[in-house]
Amino acid sequence: MNAAQGSTQATASPARWAWTRYLPVVLVTLGLAFVTLALGLMSRTAADANAFARLQPLLLGVNGIGILVLLVLIGRKAWRLALDYRRHVPGSRMMLRAVGTFAVLAVVPLLVVYWLSLQFLNRGIDSWFDVNVRQGFADALTLSRSSLSLRMGDFLARTEGAARELSGESETGVVIRLDSIRRANGAEEMIVVGANRRLVAFSSSAGAGALPMLPGEDVLMQTRQDRPFVSLDPTGDGGYGVFTAAPLPGRAPGEEPLVLVGQYAIPDRLAKLAEGVQSASAQYGRLTYQRPYLKGTFALTLTMVLLLSLLAAVYGALFWAQRLVQPVQDLIAGTRAVAKGDFETRLSLPSRDEIGYLVTSFNEMTKRLALARAETEQSRAAVEKERANLATVLARLSTGVIAFEPDLHIRSMNAAAGSILGVDPEQTSGLTLADASQLNGWLGQFLDRVGERLQAGQAEWREQVPIHDEGSRRELMCACTALPVVGETAGGFVVVFDDITTLLQAQRDAAWGEVARRLAHEIKNPLTPIQLSAERMRRKFLGSMNEKDAQVLERATHTIVQQVEAMKGMVNAFSEYARAPQLVLEPFNLNALVSEVAELYRAGERPVVVELALEAGLEAVEADRGRVRQILSNLLKNAMEALEGTPAPYVQVSTRRAEWHGQPVVQIEVVDNGPGFQRELMGQVFDPYVTSKPKGTGLGLAIVKKVVEEHGGRIEAHNGPEGGASVLVALPLNEESRAQLGTRETRKSEPRRERA
Amino acid sequence: MNGFPKQVLVVAPHRRFVAGFAFCVALVLCALAPAAVAAEDARFEARSAYLEPVDGVMQLNATLELGLSATALEALRDGVPVTLTLESQLRRKRRFLPDASVAELEQRWRLQYHALSDRWLVTHLNTGLQTSWPNQAAALDHLSRPRGIPIIDAPLLRGSATYEASLRATVEVGGMPDSLKLLMFWVQWQRTTDWYTWTVRQ
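Residues numbered from 1 in each chain as written. Chains lettered and ligands numbered in written order. Predicted model: local features only at pLDDT ≥ 70, side-chain atom pairs only at ≥ 80, totals over all residues. Heavy atoms only, no water.

1. Side note on the overall build of chain A
And step 1. Along chain A, the regular secondary structure elements total 18 helices and 17 strands.
And step 2. Residues counted as buried form 40% of the 756 residues belonging to chain A.
And step 3. If you sum the accessible surface of chain A, you get close to 41100 Å²; carbon and sulfur atoms cover 58% of it. (Helix = DSSP H or I, 4+ residues; strand = E, 2+ residues; numbered from the N terminus. Buried < 20%, exposed > 50% of the residue type's maximum accessible area, 1.4 Å probe, protein only. Areas by Shrake-Rupley, 256 points an atom, 1.4 Å probe, with all protein chains shown as cover.)

Below, the structure is given as structure tokens:
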């Protein structure tokens, strides 16, 4: 499911990124277009206030949209940059600095331009309202008025002339003559008004359908005061009319006063010129009033354009900073990946500039690193394989192997070496010879000898090294050689050794068996005739000899018979030692047998205390009862003989159940308080003809050891801490444990025998 | 550039900066300051109004108090037009329902100084009729006393019903383009009186 999702994302992402990749470019292009459009509109409106007013909404709309777009873009990028900065994303600080630098570089000139633009705007608008301009408009108005005043004076004079012409006329006459007078004076309209604005006569160039325009009360009041009235009135269609009024002179007191009102048209050309001056002046007046507001709107628009430019500059700074920093961020990420061991990292080539060269170099480096690592991995795998093979071989090897550093630290030791020397190989790794010697007596003796050789500069040697403790002795056949120096790897030494104790013992056993067999065969045969001959000589000649000779014969034949008997016993002993093992295994009560044999020795002539310490539960020990009796007899006999001359002789025989290599065994221990074994014979007490007793044959303990080994057991001899000797015999409790211990012993000894 | 006074070109840079800053501040203050259409202490209201039937037509006569500010008057003298809008409504009172609108009328006049003729022109924008006045006071007086504005034919009014009329006036100075007024929306471009309401007696 996750893989599916991942693949979906992997396929969806490029399409999405294709959008987002080109979106900023499109938006930036639009933003720049808006800025350009806004600046163009501003340049147009700066010269024409009307154009400014007309284009202002468009300008504001353009600016507003641009600012909105840029704000969205900047906000998005700034938010992402802030998140990256807080998360300490690599390159975010660099990007922040780049953005700051770019923004300052862009914003400062913009602000300067803004300030200059404001100045220009201020001066430009103020120039419209320059004193000279105002005065110019005033002068133009004055000039126009002067020009029109001449016309107005002329029209007033015509009206006054017409009034004089009508002064003597009755109202009817006025009505009749008014039209001709109007035409004669070139008036557009003439009205004669009486009191209370009563219309007396009316004539208009517009014809009969036209309505008269009655004068206001102010006009009538002025004319009643005998003051003519003249005014210039715009007609609303761009033309001008001159409105005149003059009283009809010569009216009798009490007669209704009449006023002649005449309207004249200003010629079109003059009216157009005058209207031009008037509208320019009015326009100027309006601008004067609108001046602060125009300035404000100009400044506001300029500020918006500046804001747009500023935002565009900031966004540009963000955009280009990101473009600049992105390859560096990729490089940082790639470097981190390489530092974590990912040599498969490849960066896309951003461009063909210096950054592109750097990325190419990085990709080449990671490629080579990946190749080198692959080769190293292969070499390491090969070495590991060889090492594993070697370790397997060494572990299965029954030969002990110890490797030493050149400075004689123990580099490694195989399992067989640990087993032979009775030490855990793991404990010895890295130890010096002196430190390792403290672990174990056997190891100490072995390393002492090895150390002597190596410290003497002997790298190649071969030697049989005996090691022993109080109970046993081992012979190790050692061979040492120097390890080759490969490269910077130090050489060191390797010592290979075999425990040949068993081999030597087997050789000795075989030799002694052969000797015993030959002795039994060669010596026993003549003894009987010798004994018979001696007895025959005694019987034949004892009676015929004198007493003195008879005594000599008696002593001689007795001695011969005695010595022959002794020799028979010796030969029988040899025969017993050399005979082939044929065990008759059957369960029997060991404690009963021990008690029985001990009782024989309690009844002896010597006052030896025989004490038994028998553990219950040994009623069914499977062994050869006769051989076990022989073991007990020999051990007790050996102890009795060793206790000669010892005050308060004491022998203790104990039995107990125990375990040996996880198998149940029965232990028989015979302890005495005699002088103990001689230290120099400690490793050889079970060898034939090794004895410290004057009367011993040296075969008792050898036979015991032989019988014990025939049962698959073991035997050890120790001296007690307060004197006395102790012999410990361990026999398998039953057939099963004997089979297990026999298999173990076979496994342990077979390879050595094969090598031997 | 030729139009610039010579002394502007030799102003020290720091002075320019100070001047520019001051200009900006002034612009902001100007922009934020409301346009004084009417003087704060002068009365600006509809003082009286009534409807009278003339030749079978109910005509509106009103008296307004248009206390323009000095700024507005100055603007008038500079040729800036002042527009007066008179809104009138006639409603029939109903007991349980909202009042029924019988007639609504909006009349507009423009007062503008004509510098060349030194006359004050009042133009009725609904009809285009123009009158000129010799001074500002006369023109304003004419403007503040609208007379004979037809509202509705008298026969259309029910004799048994009660009618209520309302009136309000709006004065706007400047003739600023609508776009600028929209832009500087916080500026008070016009001033409007409260509704003046009375019961019509037939």
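2. A word on the overall build of chain B
And step 1. Scanning chain B for helices and strands turns up five helices and ten strands.
And step 2. By the burial criterion, 46% of the 202 residues in chain B qualify as buried.
And step 3. Sequence separation of at least 24 residues holds for 63% of the intrachain contacts in chain B that already meet a minimum separation of 6.
And step 4. Counting only carbon and sulfur atoms, one obtains 54% of the accessible surface of chain B, whose full area is about 10900 Å². (Contact = heavy atoms within 4.5 Å.)

3. Digging into the sheet that holds strand β4 (residues 240–247) of chain A
Residue and element names in this part refer to chain A.
And step 1. The antiparallel open sheet is built from five strands, whose spatial order is β2-β1-β5-β4-β3. The strands lining the two open edges of the sheet, one partner per strand, are β2 (199–204) and β3 (229–234). Taking the axes of each pair of neighbouring strands and ignoring which way they run, one obtains an average angle of 15° across the sheet.
And step 2. Helix α5 (residues 171–185) contacts β1 (189–193), β2 and β5 (259–265) of the sheet and is inclined by roughly 30° relative to β2. (Pairing = 2+ DSSP bridges. Axes fitted to C-alpha atoms, helices over the stretch in contact; angles between N-to-C directions.)

4. Focus: the packing of aromatic side chains
And step 1. Counted under the stated rule, the structure contains eight aromatic pairs over all chains.
And step 2. Taking 4.6 Å as the distance between ring centres and 45° as the angle between the ring planes, the aromatic pair formed by B:Tyr113 and B:Trp120 counts as tilted.
And step 3. Their ring planes at 40° and their centres at 5.6 Å tell us that B:Tyr196 and B:Trp198 sit as a pair that is tilted.
And step 4. With relative accessibility at 24%, the residue B:Tyr196 sits in the partly exposed group.
And step 5. We classify B:Trp198 as buried; its relative accessible area is 12%.
And step 6. Following the ring pairs from residue to residue traces out a cluster consisting of A:Tyr315, A:Phe319 and A:Trp320. (Phe/Tyr/Trp six-rings, centres within 6.5 Å; stacked < 30°, edge-to-face > 60°.)

5. Re the packing of helix α16 (residues 625–642) of chain A against helix α17 (residues 700–710) of chain A
All names here are of chain A.
And step 1. Where α16 meets α17, the closest approach of the two axes is 9 Å, and the angle between their N-to-C directions is 150°. Taken together, the axes of α16 and α17 are roughly antiparallel relative to one another. Where α16 crosses over α17, the handedness of that crossing is left-handed. Along its contact with α16, which presents Arg627, Gln630, Ile631, Asn634, Leu635 and Asn638, the element α17 presents Gly700, Leu701, Ile703, Val704, Val707, Val708 and Glu710.
And step 2. The residue inventory of the contact of α16 with α17, partitioned by class, reads seven nonpolar, four polar and two charged. (Parallel < 35°, antiparallel > 145°, perpendicular 65-115°, else oblique. Left-handed = near helix turned anticlockwise from the far one by under 90°. Nonpolar A, V, L, I, M, F, W, Y, C, P; charged D, E, K, R; others polar.)

6. Quick word on the pattern of salt bridges
Residue and element names in this part refer to chain A.
And step 1. Counted by the stated rule, this structure contains 32 salt bridges over all chains.
And step 2. Linking Arg158 and Asp154 is a salt bridge whose minimum nitrogen-to-oxygen distance equals 3.1 Å. Of this pair, Arg158 and Asp154 both sit in helix α4 (residues 131–165), four residues apart, which is roughly one turn of the helix.
And step 3. The salt bridge involving Glu169 is made with Arg177; its shortest N-O contact spans 3.1 Å.
And step 4. Exposure remark for Arg177: the relative accessible area of 28% places this residue in the partly exposed category. (Salt bridge = Lys/Arg side-chain N within 4 Å of Asp/Glu carboxyl O.)

7. Structural notes on a nonpolar patch on the surface
Residue and element names in this part refer to chain A.
And step 1. Taken together, the side chains of Val104, Val108, Val112 and Leu116 make up a nonpolar region of the molecular surface, amounting to roughly 340 Å² of accessible area.
And step 2. Residue position: Val108 is located in helix α3 (residues 92–128).
And step 3. Residue classification places Val108 among the partly exposed positions, given a relative accessible area of 46%. (Patch = residues over 30% accessible without salt bridge, like charges linked within 9 Å, V, L, I, M, F, W, Y side chains within 5 Å.)

8. Thoughts on the confidence of the model for chain B
Residues and elements named next belong to chain B.
And step 1. The share of residues in chain B with pLDDT of 70 or more is 75%, and the mean pLDDT across the chain is 79.
And step 2. By mean pLDDT, helix α1 (residues 6–9) is the weakest element of chain B at 31, and strand β3 (residues 82–92) is the strongest at 94.
And step 3. Low confidence marks residues 29–36, where pLDDT is under 50. Its contacts with residues over four positions away, or in another chain, come to 16 contacts.
And step 4. Here the complex is predicted with pTM 0.48, and the ipTM for its interfaces comes to 0.70. (pLDDT = per-residue confidence, 0-100.)

9. Examining the pairing of β3(B)
All names here are of chain B.
And step 1. In terms of burial, β3 is a largely internal element, ten of the eleven residues being buried.
And step 2. Both β3 and strand β4 (residues 100–114) contribute to a ladder of eleven bridges, which runs antiparallel. Each bridged residue has a counterpart across the sheet, and for Leu84 the counterpart in β4 is Trp109.
And step 3. Both β3 and strand β8 (residues 163–173) contribute to a ladder of eleven bridges, which runs antiparallel. Directly across from Glu87, in β8, lies its bridge partner Arg168.

10. Looking at the sheet that holds strand β9 (residues 473–482) of chain A
Residue and element names in this part refer to chain A.
And step 1. Spatial ordering of the open sheet is given by β7-β6-β10-β9-β8, a layout of five strands whose pairing is antiparallel. Looking at which strands have only one partner, the edges of the open sheet turn out to be β7 (410–413) and β8 (461–468). The average angle at which neighbouring strand axes cross in this sheet is 25°, direction not considered.
And step 2. The pairing of β9 with strand β10 (residues 493–499) spans seven bridges and is classified as antiparallel. Bridging across to β10, Ala479 finds its partner in Val496.
And step 3. In the packing of helix α12 (residues 441–455) onto the sheet, contacts are made with β6 (400–404), β7, β8, β9 and β10, and the angle to β8 comes to roughly 150°.

11. Brief notes about the environment of A:Thr655
Residues and elements named next belong to chain A.
And step 1. When you line up the elements, Thr655 lands in strand β14 (residues 650–660).
And step 2. Setting aside anything within four residues of it in sequence, one finds Thr655 in contact with Leu590, Asn591, Val594, Ala613, Leu614, Glu615, Leu618, Gln667 and Ile668.
And step 3. A polar contact of 2.8 Å, which involves the side chain of Thr655, links it to the side chain of Asn591. (Polar contact = N/O pair within 3.5 Å; in protein donor to acceptor, adjacent residues only side chain to side chain.)

12. Regarding the packing of helix α7 (residues 268–339) of chain A against helix α8 (residues 354–396) of chain A
All names here are of chain A.
And step 1. One can describe the packing of α7 onto α8 by two numbers: an axis separation of 11 Å at closest approach and a directional angle of 15°. The pairing of α7 with α8 is recorded here as roughly parallel in orientation. Between α7 and α8 lies a crossing of left-handed hand. Where α7 abuts α8, its residues Pro327, Val328, Leu331, Gly334, Thr335 and Val338 lie against Ile355, Leu358, Val359, Phe362, Thr366 and Leu369.
And step 2. Looking at the contact of α7 with α8, its residues break down into nine nonpolar, three polar and no charged.

13. Considerations on α7(A)
And step 1. Maximal helix bending in α7(A) amounts to about 60°, located at A:Gln290; proline A:Pro292 follows within four positions.
And step 2. Phi for A:Gly341, located one or two positions after α7(A), is positive at around 105°. (Bend = angle between axes of the 7 residues up to and from the residue.)

14. Quick word on the nonpolar core
And step 1. Of all hydrophobic cores here, the largest spans 71 residues; its most connected members are A:Val192, A:Leu260, A:Ile266, B:Leu51, B:Leu60, B:Leu90 and B:Leu167.
And step 2. If we skip the residues at most four places from it in the chain, A:Ile266 touches A:Leu148, A:Arg151, A:Phe155, A:Leu232, A:Tyr240, A:Val242 and A:Ala271.
And step 3. Of all hydrophobic cores here, the second largest spans 43 residues; its members include A:Val653, A:Val708, A:Val727 and A:Leu731. (Core = buried A, V, L, I, M, F, W, Y, C linked by side-chain atoms within 4.5 Å.)

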